[in-house]
Structures are given as C-alpha cells and as structure tokens.
Amino acid sequence: MKDTIAAISTALGVGAISIIRVSGEESISIVQKIWKGKNLEEVPTHTIHYGYICDGDKMIDEVLVSVMRAPKTFTKEDIIEINSHGGISTTNSILELLLRNGCRLAEPGEFTKRAFLNGRIDLIEAEGVMDLISSKTEKSRDLALSQMTGNVSSMIHSLREKLSDVIANIEVNIDYPEYEDIEVVTIEKMKESISYFKEEIQKILNRSETGTLIKEGIQTVIIGKPNVGKSSLLNRLLEEEKAIVTEVAGTTRDIVEGDILIDGILLHMIDTAGIHDTSDKVEKIGVQKSLEWIEKADLVLFVLNYNEELEEEEKELLEKVKEKTTILIINKGDLEEKLKLPSLPFPIVKISALQNEGIEELREKIKTLFHLEEIETSDYNYLSSARSISLLKQCLDLTNSIEQGLEQHLPVDMMEIDLKTIWNLLGEITGETYSEELIDTIFSRFCLGK
Amino acid sequence: MQEIIVVGGGHAGCEASLACARKGHKTLLVTGNIKNIADMPCNPSIGGSAKGIVVREIDALGGEMGRNADKSLLQIKMLNVAKGPAVQALRAQADKITYPKNMLKALQAEENLEIREALVEDLIVQNGTVKGVVLEDGEKLFSEAVILTTGTYLKADILVGDTRTREGPHGEKPSNHLSDKLKEYGFDIIRLKTGTPQRIDKSSIDFSKTKEEKGDSVYRTFSFDNQVYYKIEDQVPCHLIYTQPETHQIIRENLHKSSMYGGLSDIKGVGPRYCPSIEDKIVRFADKERHQLFLEPESLYYDDIYVQGFSTSMPRDVQEKMVHSLPGLEHAKILKYAYAIEYDAIDSKQLKQSLETKVLENLYTAGQINGTSGYEEAACQGLMAGINASLKLEGKEPLILKRNEAYIGVLIDDLVTKGIIDPYRLLTSRAEYRLLLRHDNADMRLREYGYQVGLISQEKYDQFLEKKKKIEEIKELLRTTKITPIPETQEYLATIPTTPLKDGISLYEFLKRPEVQFSHLKHFLEIDSNLEMEEQITVDIKYEGYIVKANKEAEKMVDLDNKKIPEDIDYDKIHNLASEAKQKLKKIMPTSIGQALRISGVNPADISLIMVYLKKEYHHESGRV
C-alpha cells in the first residue's frame, strides 16, 4: 500500500467542478511537480491553495488544491484534492499528468479500501462509501452519506444493547440459580422480547429493501401488445422528466430503454416493444419474452387499450403478473370504451399518452406503491448492501426458530443460544464481530491480493 | 533430586503435584503449612454453575478434585434442573475437615511426590530459564520446572474495618518478597482483593426462622467413577434467610467505617464484580429491599456456619450489629469475623496457553496468582500446569484445550488472551458453545486426552470406550426401532401423555417430543443402559438440531484457531496497524488468528492487515513459499 493513487472522484462532466483525489505517501510531492503556486510541501495541513496545474510550461487549468496530511484524512494517508473547473478533457488531462508523474490509477473503491485497512472506518461505513461511489441519484447519495455517518450502526447498536440485556438476564439466571430476587426470564417474557426483536428487525429490513430500491433504482417494465401505446407512454414519461436517455442500438424509431426520476428515485424503464419480434403474428404480444422481463422487474406497467376487448394473450399475461407490483394503464381514454376487465388486484390509471393526460396520476400511483413519500424524510436509516440484508434475514429466521422452540416449551437457555447468534450477526453487520467469510467477502469486493 | 517443584498446597498446587507425580516425575510440593493443604478458606462448597462442569472435566482428565469432593460431601444437588441440559451442574457442600484430609491422603499415596513445609521467597533463574526456588532461609532447591500456585499469599493483607494486617488466611505468614522478585524478572504485578463472610456458632442460631434447603434425593457424584460415599438421608441441609430493613440501616449508617468505603484509604486491590460485599450490594442496588443469605454448614466436626452473601470489611462492632439484625441470628455468636484480603497476582497476559510464562522458561503458574478466584478454577489450572510442565520435560507438545472442548479451555484462553481486571470467575456466559460443554458429556470430550497424557489408567479407559460404544449401539437401536399407530401404542401414548401417532416413527424421533422421557422408550423394548448413558442419549437426541448448529459455529472458530501466527512475527513490520492493537498483539503474542481476534482492542481491520501480511510479505521476507 505504499504507492500513491489518484482518481477523479466526481462524476465526469456532470458538475461544474470536478475533484481529483490523490492519496499516498508521495501525493504532496507528486502534485508539487505539476503545480504553480505556494510550495505545497511547506503549507500547513488541511489548507486550501489557489494556483495552476501545469504540464511543463503549458498551463492546464486554474485550480484550488486542498492539502491534508496523515493521519487525520479519509484514508489516514496524505491526501491532495484538486478542484478543477470540470470538463471532461481538462479533468482527464490533469489525471493523466498525475499518472505520468508517479501516481497509479486507483481501482474503484480503493480509497475506501485504504480507509478500511488503515482502520479509519468500519465495515458498514466502508460499504456505505462503496454505495456512494456507485450511486446514481441524489437521493441514493444521501442514503450512502447517512450510512457513512453511522445511522445504521446506531440503529443496530441499540437493538444489540437490548438483546444483550435479555441475554445477560438469562445468563444470570443460569449462573445464580438459587437467587430468587433476580428476575427470571420465563417463556412468556421471552415471547414478549422475541416479538419485539422480530418487529425491530423486520422494520430495519423493510426499510433496507426500500433502500435497495433507492440505490439500485426501480426496474420497470412496460408490457402490452403492439401499438397499444407503450412507446408513446415511455416517451411521454421521459420527456416529462427530462432524464438521461440511452439509445439502444438496433432500434429504429422507438426508445426502448431509459431512466426517469420520480422525486429523486430512479426508475429504469424498459419498453418491451423493441424487444420481441412484432412480425410474429402467432404471438403478437410476445408472451414468452415479456415473461422474462417481468421476472426481473420491480414494477410492471401493463398497458391496455380502452377501445379494444381483452385478447387471450393479454388475459394470460394478466394472470402471470398477479404476484408482481403492477399498474394497469388504460390508454386512449378519449375513444369509445370497449374494454371489459375482470376484477383484478391492481391499481388502474387511465391515461392518454397523446394528450398527456393521466401521467401525473401515474407518477403519484408509483410513489404510493413504493412508499416513496416515506423516503422523503431526511432520516435515511436504511441498509442497502446485499450482505447486510442477508444477515438481517438470517436474524429474522432465527427469531422464527426461537418462537417455534418457545411453542414447544424448550428451555429458555436453549433459545438463548439463537439469541446470541442474532447478537453476533448484528455485530457482523456493524463489523463488531469477526467472521472469516465476512473478510473474504470484503476482500473479494475490494479485489485485494495480487 | 526433584524434577518439578510446586509452590503452594492449595487446590491448584494439589492437582499440579498429583499430575506431575502420576506422570512419573519426581515432584516436590513446598507449602507454608501442611495443615492447610487443600484448605477451603472461603465457602464450604465445590461446584456450582459452570464450576461443577469444570470439576467433571478435571475428573475426565484424571485430576483429583471430583473424586475427593465425592468422598467429603455434606450435601449435593444438581443445579438448574428446570433449565436446559447445557446449564445443569452439580454443587456440593464439602466438609472442610474431610476434604483436605482426603486430599492429603491422596498426595501422600504418590510415590513420586514429596511434601515439604517452607516459604519460597525467590526463584533460581539462569538465562531466562527457571532452575529452582530459594527458601526463606536462603536454602536453594533445584529442579527442571517450577509451578507457582501461591494463592492469595503474595503480600497478603487482611482488611477489617480500618485495620490492615500483613497475613494470609488463618493468620498464616504470607510471602513478602516473591512478588517483588517476580517483578524484577519482568512480570507485571497487579493487586486484587476478595473477601469472606462471618462464621457463626451453629448452636446460637434459631433455625426455626429460616427456610431449609436440602440436597437432592437421588445419588449424585462428580466423578465418572460413580462411587457413592454418602447416604441421601444423611445429607446436611443449608438454610435460607433474608437481610432486614434494620440490616440495611446499620450498613448505611456505618458505611464510612468499611475498609472499602473510606475505612482504609490505601486500597489498591480490585474486588470481584460477581461477588460483591454486602455493603456494595446495598449501595449499588439501593432499591432492593432485601438480599438472600445462605447459612451453610462447614463440617461435621465443628460448629461453624458460613453466612454466604454477607461478606464485608466492616469493623467488628458493626459486624456484631449487622449479624444480630438477621432473623434467627439475633443471639448469634460470631466465631470468625468477615474480612477482605488483598494480594498480588501476575498479569495473566504474560502466560502462554500451556500456562508456562512467557517471561521465564519452564516456569508455570496456576490459580489465584493468575488472577482467578474459586477452588475449581484453581484446581483445573493446576492440573493443566502439571500436565504441561511434565509434557515439556518429556519433550512433548503441550495439551491445549479449545474453547469448544472444555470450560478449562475457555478459562485459560480468556486469561491469556483477554487478561483480567477483577478476580476471574468462570461463568456459563463465558463459553460460546456451552451446549457442547455439558455436565453429562465431560468424559466424551476429555477422557481421551486424559488417557493420552497418562493420567487415566488402561482399565478406566477401557470402561470409557465400552460406555461410548454402548451409547452408539443404543442410539442405533432407537433409530432402527419403529413404533406404529396400533391401538395398544396409542393407548400407552395417552398415559404419558403425548399426542397419538399418525404414522410409524422411530423411537429416536419419538424421543424428540418434549414430553417424552427415555424411560418411556423402555415400554417398547428392552434397553441395556444405565442412568448416565440415558441422560446423555436423551440430550444428544432431544437437542440434536441445536448441537449440530453449535458444532457448526465451533468449526468456524476452530478454523480461525488453526490459522497459526508464527512466533517470530514482527508486528512493527505490518504497516498501518492501529497502535493500540500493535501494543496488545506484541504483549499477548497470539498463536493464531482466532486468538488474535479475541483480544479486545484488536479489530477486524487489524486482523485483515495481519492476514494480508502473513499471506504476502511474511513469506517473502522469511523466504517461505
């Protein structure tokens, strides 16, 4: 870990300012080589300086440079941050210049890896930072920031504390069996505690899953037969939100994929229109292909035509999406009604994509379905890494097995073994207990080892 | 000439000398007073939660404590019978006259063991290796290894109220210089404190105002020899009483006179958290209206009654008032006053897992000198120190019990890895895998080791193998014997009572029903077993799921414990190691990644750094692949 690493730490080309971060023993001396301004080797730590980045005599950019010396830095190493005026080519030139002068290009997450290995942050924070690096939207950046400052840790800390109270009580009952004046944890008391713990874990889990949605975005698939208005709906939504649009090669006029933002939450939209073979007359909707997309989706937008009766394939698909979070969208509401719907457990929104009607209502519906209002609050106590969620699910399973044991009247001290395991698992989330797999996971994620 | 010298004849010293002598080494036990061999200066009981299991473990390994307790019982009972099998443990009231007498007999019966009355004040040290001991009068005794089991006798001070007297229990002469010498050799010395309550004349107690606590009505033994030396009906009862509002009043009014609360200003010793004095209890748990006290008989041969739970360092006149405020003790005659004792101990982090010190080669320590408290904790360390000192002289690897193998392993690992602040008592909660460390299976866990090190005779070992084989056979029989929902069976099930069968099931599965006992199985087939086997089979089957889970967890720990850290590792070469972690690692020098992880202040990030260093740089530097 002796080499000095550098990377652009802001999204390229997006902001007005881009930051290039350099960390390692030689970071100050390397930057000094390409710097015109005060001697950075002599300035006090944690100060900002105005000057120029130069390639020999050629001035590249007018910049601000922050000098932070070890150990009070993010990585516990010397760090320099160069604030440039942005622009892809300028930022890239500065980075190239650094690399030519002795820096190595940092791998994704390597600053965090160093912070973790240098003992600067704990696991949960490290994972929070990893999320931050890959976060695509503002809201998910907030979430990542909140995880970094330890909100999740503190939630779990407090749950663990309550757990250890119960555990300690049971242990005392075991170690001092003859002392009557110590409260005995009976099966009934244990039942109470367990249902509380279960609820709390479930709460964190629910929020975590919403957290995952914030971070990874809501995979949304639009299905329906050709010409029912899928593409116009997508276009309308994209236009509405003026979001990032990716053109997929091979399509002629339809945009088949795109990201939109609803209140800061990313919806990754896929229009199945461009995917299946519309010339296949036997299977107009492309049931098989749609099914594959539905499988992966968090949200299904099922578009139907107001002035047509349901076709067999549509009925079949309606049956298939019953288990999914689905919104039925009835398009072309301005024509004569011919559609007869069986009773279905889905919310229905009537729109006219052409006349831009009902789009607002659809947005609201999506917000309600995913509890996005709740996420509005500034308290982002969500866990968002898959590892944490899987550990929490293990905890939840254990609470279930304790409940079963209690039903069978197994001794409380046996149940307590599972209680301790929960305590350990929660500790694993915050990095307070050690397990080989955990370290393996972390190392594989940070791709350490040459 | 002796090969091994054991200093101190308490519970640790006895086990240590017996282990060495029985392993064929000429052993000399040096003790301040032969009359105090295997003395019980505090409570008259052996065993208890977790501790009772340790006694079983000592017995399984070939130690003496279990057998000796069986020979000296006043009363015995199984604790936690209403709880799960993992936490059941035996506790006995042991006769304070008989127990030491029986132990002395056992010592004297050993050919290789010699006992000598003397005080040890220094060690003979050459090139960092201990070569013997120096007595008070300057006489030198040479040996190849030394085991120190000095108990509370290092610079012992007895504290009562505002008086401090330099003496050990029973007014014995303490060792005044040995701990200074140890300090000179490089040991870190800590000061600890413990206390003991009053002894009351039995005839002055009105037992009608107390609640009787009897022993069990079935025969119990600590030892796997299963030899019973007592009669159920002859067991001596204990008695339960409670402190009164008046008692609390007296204590509060006189608090400033207690040694611990201002009576003495120079207290350095740290007292045990789990065994607070009565004034501690009243100050710290002010809202508690009363506290339980047990009146325990000390012996059949004299009339002292021990007041468990009433330990104090109040002056004598206050103690009189306190005792007389208790129900049934209004006219009690105090035979011995309560006192606190302060003593020196070494920092247990300076020990290896074998109990050999890192400071001086061939020097072993066991018992209270290592910061523990309790007869059982002392005895098991003495046994391990004796075994390992002998193995070292034999040029063999030490016997190190893992945390999933024995409470003894838990205790020693805690001592050497975590160190102690207050006197260490074994608790069930210290064991991660207590379902594996049960009372019933101590022999299954440890007898093999006992045999290997030579403390278990061929005869006993064969008996053990026979028992093990039989248990397996019975389990197999239960697996293969099926019961079906025929009317006769259903009728019998209703008498247990348990729900009727739907389909045929094996007796093995049937026994898993919470309400079904082993005895119920005998309705369906004849089983050649004894109670001990039935107990173990029942636990193994009923809690199979949990045992499997615990074993899985334990495997993870064993994996980490098997990742060895080389002895010559230089922590200064590992960059970015947190300085607190580095300091602790250097002192404790853990032998495995697992042990390193258990050190408080060493966090997972540090462990990752060590592992990365070991995987890459260490191999390069040392030229290994």
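Rules used throughout
Residues numbered from 1 in each chain as written. Chains lettered and ligands numbered in written order. Predicted model: local features only at pLDDT ≥ 70, side-chain atom pairs only at ≥ 80, totals over all residues. Heavy atoms only, no water. Helix = DSSP H or I, 4+ residues; strand = E, 2+ residues; numbered from the N terminus. Rg over C-alpha atoms; globule rule 2.2 N^0.38 Å. Buried < 20%, exposed > 50% of the residue type's maximum accessible area, 1.4 Å probe, protein only. Contact = heavy atoms within 4.5 Å. Areas by Shrake-Rupley, 256 points an atom, 1.4 Å probe, with all protein chains shown as cover. Lys, Arg positive; Asp, Glu negative; His and termini not counted. Charge placed at Lys NZ, Arg CZ, Asp CG, Glu CD. Axes fitted to C-alpha atoms, helices over the stretch in contact; angles between N-to-C directions. Parallel < 35°, antiparallel > 145°, perpendicular 65-115°, else oblique. Left-handed = near helix turned anticlockwise from the far one by under 90°. Nonpolar A, V, L, I, M, F, W, Y, C, P; charged D, E, K, R; others polar. Polar contact = N/O pair within 3.5 Å; in protein donor to acceptor, adjacent residues only side chain to side chain. Pairing = 2+ DSSP bridges. pLDDT = per-residue confidence, 0-100.

**Concerning the overall build of chain B**
When its secondary structure is counted, chain B shows 20 helices and 23 strands. Computed over its C-alpha atoms, the radius of gyration of chain B comes to 26 Å, within 12% of the 25 Å expected for a compact globule of 625 residues. Over its C-alpha atoms, taken along the principal directions, chain B stretches across nearly 80 × 80 × 50 Å. Among the 625 residues that make up chain B, the fraction classed as buried is 61%. Of the contacts formed within chain B by residues at least 6 apart in sequence, a portion of 72% connects residues at least 24 apart. In the form shown here, chain B has an accessible surface area of approximately 24900 Å², with 49% of it arising from carbon and sulfur atoms. Here chain B holds 85 positive side-chain charges and 94 negative ones, and the gap between their average locations is 3 Å.

**What about the packing of helix α1 (residues 11-22) of chain B against helix α4 (residues 98-108) of chain B?**
Residues and elements named next belong to chain B. Where α1 contacts α4, the two axes come as close as 10 Å, and the packing angle between them is 25°. In this view, α1 runs roughly parallel relative to α4, as classed from their interaxial angle. The handedness of the crossing between α1 and α4 is left-handed. Of α4, the residues touching α1 (which contributes His-11, Cys-14, Glu-15 and Leu-18) are Tyr-99, Met-103, Ala-106 and Leu-107. Residues of the contact of α1 with α4, tallied by class, amount to six nonpolar, one polar and one charged.

**So, the side chain of Thr-149 of chain B**
Residues and elements named next belong to chain B. In this structure, Thr-149 sits in the loop between β10 (145-148) and β11 (157-160). Taking the relative accessible area as the measure of exposure, Thr-149 reaches 6% and is therefore buried. Here Gly-8 takes part through its backbone oxygen, which lies 3.0 Å from a polar atom of the side chain of Thr-149. A polar atom in the side chain of Thr-149 sits 3.5 Å from the backbone nitrogen of Gly-13. Sequence-distant contacts of Thr-149, that is, excluding residues within four places in its chain, are made with Val-6, Val-7, Gly-8, Ala-12, Gly-13 and Ala-366.

**Thoughts on the pairing of strand β8 (residues 129-135) of chain B**
Residue and element names in this part refer to chain B. Most of β8 is tucked away, with six of its seven residues classed as buried. Inspection of the sheet shows strand β7 (residues 120-126) paired to β8 by six bridges, in the antiparallel sense. Counted as the bridge partner of Gln-126 is Thr-129 from β8. Counted along the chain from β7 to the antiparallel partner β8, the turn is two residues long, and its residue Asn-127 has a positive phi close to 50°.

**Quick look at the sheet that holds strand β3 (residues 45-47) of chain B**
All names here are of chain B. Reading across from one edge, β3-β5-β4 is the order of the three strands in this open sheet, with antiparallel pairing throughout. The strands lining the two open edges of the sheet, one partner per strand, are β3 and β4 (73-79). When the angles between neighbouring strand axes are averaged without regard to direction, this sheet yields 20°. Two elements, β3 and strand β5 (residues 89-94), share three bridges in a ladder whose sense is antiparallel. Looking across to β5, one finds that Gly-47 is bridged to Arg-91.

**Remarks on the confidence of the model for chain B**
This prediction gives chain B a mean pLDDT of 92; 97% of its residues lie at or above 70. Confidence metrics for the complex model read pTM 0.75 and ipTM 0.80.

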